[in-house]
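Coordinate analysis (summary)
Below, each chain spelled out in residue letters.
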Amino acid sequence: MLDTALRILNEITNQGFEAYIVGGFVRDYLLGITTNDVDICTSATPKDIKEIFENITLPRVDYGAVRLNFKNYRFDIMTFRKESEYSNNRQPLEVKYIKDLLIDLQRRDFKMNTVCMDKNGNIIDLIDGKKDIENKIINTVGDSISRFVEDPLRILRAVRFYTTLEFELSDEVKTAILRTKNELRRLSYQRKKEELDKIFCHKNAKRGIDLIIKLGLDEELELDFKHCVYNTDLIGIWSSIGVNGKYPFTKSEKDLINKIKEARNLDNLDNAVLFKYGLYVNVIAGTIKGLDRKEIGEKYNALPIKTQDEVNITSNQIMGVLDMEPSKKIKEIYEDLINNILCGKVENNYEEIVHYLIEKYK
Ligand code: ATP
Ligand code: MG
């Protein structure tokens, strides 16, 4: 992976531009974690980049960035935000480039995210970020309070890195979050949800949620973790907490969450419920109710049928046996049959089913 990333840097620098890998990739590389997302900052403009690489998809014009998909990797190539104001002809180019890079790094959120790598794989550490990575500590670039007020998403990013990387917050960051947390209300629910998703879907979700509660961010985020269940997954967490209705969920997320809530409110975990909601919903709903997951899995596996397709008779055959025309009644009969198979009253083989249908409906 590193080879590919360095090759990209070389392609750009060979055309006379400066380019560095920055952010999460370098941070994770120093931590021994591999990632497929690479952020590159460069003196080349998006137009220059498009000329250098052909297979470019989705130019993110709004950010002055280009996204390059190469093999399995994703490169976000972003032009230095500001040109150095000090550049003049007498100044060696290298000095100007370092100034451009430094200005770019100063707008970044945390020191640990400012460490760069050049085309030869050398680490460039202009803002002392490597030390923070080694000490596993989260410090903002510059005054924490003003950086959080400037973009409150950084508060949630701090919580996310605390969760996923198991870093600590510096005292300054902690204090600043307590002072600025009401700024979270300015953020769109979409941006909040994206960051919360990354926290909730991580195996350390509990670590993050404990911090959210400890810092009192739950109130600002309009989330209630009183009944939160951690040992599930992303959807399990969202289903078990109180959420302001303005958080945007996709249709499939909404459907799952509603089903889990429905299943959670049922008293019995009988075969009909296992069949209707399927294994995934039942396991999450059961976990929220404090039931044993293994038991749910075993009960599910023991179901006589898991889907309608497994019923050993078709609607057409039922109509034939009962000499009936297509109608709503057939659907009712089919459902009744399924319920009887599920509770073990009718065996799921054709002869038994026919016998039952004739007895009951003919
Ligand atoms: P990961 O890719 O693991 O989520 P990352 O640190 O690379 O972590 P990205 O969202 O990919 O995060 O952002 C890339 C870099 O851009 C960051 O490392 C950081 O330097 C900068 N950045 C991202 N979001 C912000 C922000 N809200 N404020 C300031 N700088 C930011
Ligand atoms: Mg990244």
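These notes cover the structure that comes with them. (Residues numbered from 1 in each chain as written. Chains lettered and ligands numbered in written order. Predicted model: local features only at pLDDT ≥ 70, side-chain atom pairs only at ≥ 80, totals over all residues. Heavy atoms only, no water.)

1. Structural notes on helix 15 (residues 293-301)
The set of residues buried in helix 15 consists of I296, G297 and Y300. Each buried residue of helix 15 lies within a common arc of 100° when the element is viewed along its axis, so the set occupies one face. Packing partners of the buried residues in helix 15 comprise helix 14 (271-289). (Buried < 20%, exposed > 50% of the residue type's maximum accessible area, 1.4 Å probe, protein only. Helix = DSSP H or I, 4+ residues; strand = E, 2+ residues; numbered from the N terminus. Arc of directions from axis to C-beta. Contact = heavy atoms within 4.5 Å.)

2. Quick look at helix 7 (residues 153-164)
Counted at 1.5 Å a residue, the expected span for helix 7 with its twelve residues is 16 Å, and the 16 Å between its end C-alpha atoms agrees. With respect to burial, helix 7 is a largely interior element, ten of its twelve residues being buried. Within the sequence span of helix 7, burial applies to L153, R154, I155, L156, A158, V159, R160, F161, Y162 and T163. Following helix 7 by one or two positions, E166 adopts a phi angle in the positive range, close to 60°. (Expected span 1.5 Å × (residues − 1).)

3. Focus: the layout of surface pockets
Its boundaries defined by the atoms lining it, the largest pocket holds a volume of some 1500 Å³. Taken together, 37 residues make up the lining of the largest pocket; nearest its centre are D39, D109, R157, R160 and K198. Elements that contribute at least two residues to the lining of the largest pocket include exactly helix 2 (24-30), strand 2 (37-42), strand 5 (73-79), helix 7 and helix 9 (189-200). Counting residues per element, the lining of the largest pocket draws most heavily on helix 7, at six residues. In the lining of the largest pocket, the residues fall into ten nonpolar, seven polar and 20 charged. Computed from the structure, the second largest pocket encloses a volume of approximately 210 Å³. (1 Å grid on protein atoms, 1.4 Å probe; cavity = no way out; pocket = protein on both sides within 12 Å on 5 of 7 lines; lining within 4 Å. Points joined across faces, edges and corners; volume = space filled by probe spheres on them. Nonpolar A, V, L, I, M, F, W, Y, C, P; charged D, E, K, R; others polar.)

4. A closer look at empty space enclosed by the protein
With the rule as written, the count across this model stands at one cavity of 30 Å³ or more. Approximately 30 Å³ is the volume attributed to the largest cavity. Ranked by residue count, the leading element in the lining of the largest cavity is helix 14, at five residues. Of the residues in the lining of the largest cavity, the class split is five nonpolar, two polar and one charged.

5. Let's talk about the packing of aromatic side chains
Using the criterion set out here, one finds six aromatic pairs in the structure. Measuring from ring centre to ring centre gives 6.1 Å for F200 and F225, while their planes differ by 85°; the resulting arrangement is edge-to-face. Separated by 25 residues along the polypeptide, F200 in helix 9 and F225 in the loop between strand 10 (223-224) and helix 12 (234-240) bring together distant segments of the chain. Taken individually, F200 and F225 each receive the classification buried, so the pair is uniform in this respect. Look at W238 and Y247: their rings are 5.7 Å apart centre to centre, the planes differ by 50°, and that puts the pair in the tilted class. An aromatic cluster is built from Y189, F200, F225, W238, Y247 and F249, whose rings are joined through pairwise contacts. In this structure, K192 packs its charged tip against the face of Y189, placed 4.3 Å from the ring centre. Between the NZ or CZ atom of K206 and the centre of the ring of Y230, over which it lies, the distance is 5.3 Å. (Phe/Tyr/Trp six-rings, centres within 6.5 Å; stacked < 30°, edge-to-face > 60°. Lys NZ or Arg CZ within 6 Å of the ring centre and 35° of its normal.)

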